Amino acid sequence: METVTAAKKKKKEKPVPFDYSNYIRKGKLPHIWCPGCGHGIVLKCMLRAIAETGRPNDDFALVSGIGCSSRTPGYVNFNTLHTLHGRALAFATGLKMAKPNLKVIVTTGDGDALAIGGNHFIHTCRRNLDIVIMVYNNFIYGMTSGQFSPTTLPGMIATTSRYGNIDPPFDVCKMAEAAGATFVARGTAYHYGELEKILHEAIMHKGTAVIDIIDSCPTYYGRFNKFKSPADMMEKIEKEGTVSVKQASGLPPEKLEGKLLRGVLCKKERLEYTEGYAKLIEKAGGSKPK
Amino acid sequence: MTETETEKDLPRILIYEELCKGCDICAVFCPTEVLELKGNMMTVKNLEACTRCQLCDLRCPDFAIQVF
Ligand SMILES: Cc1ncc(C[n+]2csc(CCOP(=O)(O)OP(=O)(O)O)c2C)c(N)n1
Ligand code: SF4
Ligand code: SF4
Ligand code: SF4
Ligand SMILES: [Mg+2]
């Protein structure tokens, strides 16, 4: 019998690249995003996470508002809804209430979700509606040429803060948790494997799942703030600017200063909204939504 | 199959020219410096060094590179 050492065997095994063709609408690529825009990396992580569920494409609905990030549903082979700026969650709520068996994923930006859509955001979390909210957080309004957003850090340059931003930012995760979301996590485009895992866990969770996804807008945030390249932004903002929950537990507070925590930050069980609604219908003697 | 033949079984790197936007992310993060940007297009500089780790594909925002 032939004996193959583990190392040799590993070298012989050829990893196969993931096949996205089942999930991307034919003829839709190249996408509209700028060279090096992080949104494409996030989209790919999401598709792999969806594939991992083994569920048919028709089980999913992707809903978005307006923004570069909100262009995501236009490229994918699921049920899709591209709606109004800030209102993705209002549309997604209606859809989920009418079709509770659909897995609804909202792809939104820091501006779309937290500025104009901030009110919908907190109230969706409060209801614990079974929706995955992916916030593509590039710290800027990309689509409209780089105005500051509710996550832009102090001191940073935007079209609307030429001398540096003075607004303190929202912490997306703390806000989501405080508002009642039952799954809250943070990932980055740079840490693609971690993000894929988190997104899969979020899809499998029953209740409102919010994922703060740090990615990069090289065209505006990068150019205004003198980052050298898309890779430079990924290195400085996504890699050096974050620390995993696991690493953080062994670090002194001064090492965590100014860094965002990555990983699952909150996960709990609480009555999900469509289930609560179904119980109410039963109590009132009505017929269930299909 | 002999060991030398295994060694010669080089990876196949496909770069889709109609999709690549020349952002350079794949080349910067390739652990073994296999790739090189030429103008606005990614190219293969040193195929022998490729370990098929897939990092380039996984961080490419544009579905533009695959390694078999
Ligand atoms: C009611 C309304 N107000 C303003 C706009 C202009 N607008 C379009 S996208 C956008 C911000 C998008 O920022 P974000 O959600 O962070 O997405 P990104 O482009 O950064 O991915 C704004 C203000 C609009 N389309 N509709
Ligand atoms: S403007 Fe920014 S967010 Fe929009 S596609 Fe370009 S890089 Fe991405
Ligand atoms: S598979 Fe890995 S080693 Fe080969 S080119 Fe891509 S990043 Fe470099
Ligand atoms: S990461 Fe993709 S789009 Fe960017 S240079 Fe490499 S192959 Fe081209
Ligand atoms: Mg944005």
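Before reading on, note that the structure itself is shown above.
The structure presented is a predicted model; accordingly, all values stated were derived computationally and were not measured.

A. Structural context of the overall build of chain A. Secondary structure assignment for chain A yields 12 helices and 10 strands. Taking 2.2 N^0.38 as the reference for a compact globule, 290 residues should give roughly 19 Å; the C-alpha atoms of chain A span a radius of gyration of 20 Å, in line with that estimate. Along the three orthogonal principal directions, the C-alpha set of chain A runs to about 70 × 60 × 45 Å. Residues counted as buried form 51% of the 290 residues belonging to chain A. By element, 57% of the accessible surface of chain A is carried by carbon and sulfur atoms, the whole surface being about 13,800 Å². With 40 positive and 27 negative side-chain charges, chain A shows a separation of 3 Å between the mean positions of the two kinds.

B. Broad picture of the interface of chain A and chain B. Each side of the interface is counted separately: chain A has 30 residues, and chain B has 24 residues. Summed over both partners, the interface of chain A with chain B buries about 2,400 Å², with 65% contributed by carbon and sulfur atoms. The three residues of chain A that bury the most area against chain B are Pro17, Lys44 and Tyr192 of chain A, which together make up 24% of that side's buried surface. Seen at the junction of chain A and chain B, the total is two salt bridges. Lysine 14 of chain A is paired through a salt bridge with aspartate 9 of chain B; the nearest N and O atoms lie 2.7 Å apart. Taken together, the links from chain A to chain B amount to nine residue pairs in polar contact (both at pLDDT 80 or more). Broken down by secondary-structure element, the contributors of at least two residues to the side of chain A that touches chain B are α1 (6–12), α2 (39–53) and α9 (230–239) of chain A. No other element matches α2 of chain A, which puts six residues into the side of chain A that touches chain B. Partitioned by chemical class, the residues of the side of chain A that touches chain B number 20 nonpolar, three polar and seven charged.

Calculation notes
In this convention, every chain numbers its residues from 1, walking through the sequence in written order. Whichever chain is written first becomes A and whichever ligand is written first becomes 1, with later ones labelled in order. The predicted origin of the model limits local features to residues at a pLDDT of at least 70 and limits the giving and counting of side-chain atom pairs to 80 or more, whereas totals for whole chains, interfaces and linings rest on all residues. Only hydrogens and water are removed before side-chain values are computed, so all heavy atoms of the structure are retained for them. We count a stretch as a helix when DSSP gives it H or I for four or more residues in a row; a strand needs E for two or more, and each element gets its number in order from the N terminus. For a compact globule the rule gives 2.2 Å times the number of residues to the power 0.38, and the radius of gyration it is set against comes from C-alpha atoms. Note on classification: 1.4 Å probe, protein chains only; a residue is buried when its accessible area is under 20% of the maximum for its type, exposed when over 50%, partly exposed between these limits. Only the protein chains shown count as cover for residues, and all accessible areas are computed by the Shrake-Rupley method using a 1.4 Å probe. The charge count treats Lys and Arg as positive and Asp and Glu as negative. His and the chain ends do not count. To locate a charge, the coordinates of NZ of Lys, CZ of Arg, CG of Asp or CD of Glu are taken. Note on contacts: a residue pair is in contact if any heavy atoms of the two residues lie within 4.5 Å. Two parts placed together each lose some accessible area under a 1.4 Å probe, and adding up what both lose gives the buried area. A pairing counts as a salt bridge when a side-chain nitrogen of Lys or Arg comes within 4 Å of a carboxyl oxygen of Asp or Glu. Counted as a polar contact is a pair of N or O atoms within 3.5 Å, where, for protein atoms, one must be capable of donating a hydrogen and the other of accepting one, and residues adjacent in sequence contribute only when both atoms are in side chains. Residue polarity is assigned by list, with Asp, Glu, Lys and Arg as charged and Ala, Val, Leu, Ile, Met, Phe, Trp, Tyr, Cys and Pro as nonpolar; anything else, Gly included, falls into the polar class.

Don't take any of this as a statement about function, it's just geometry.
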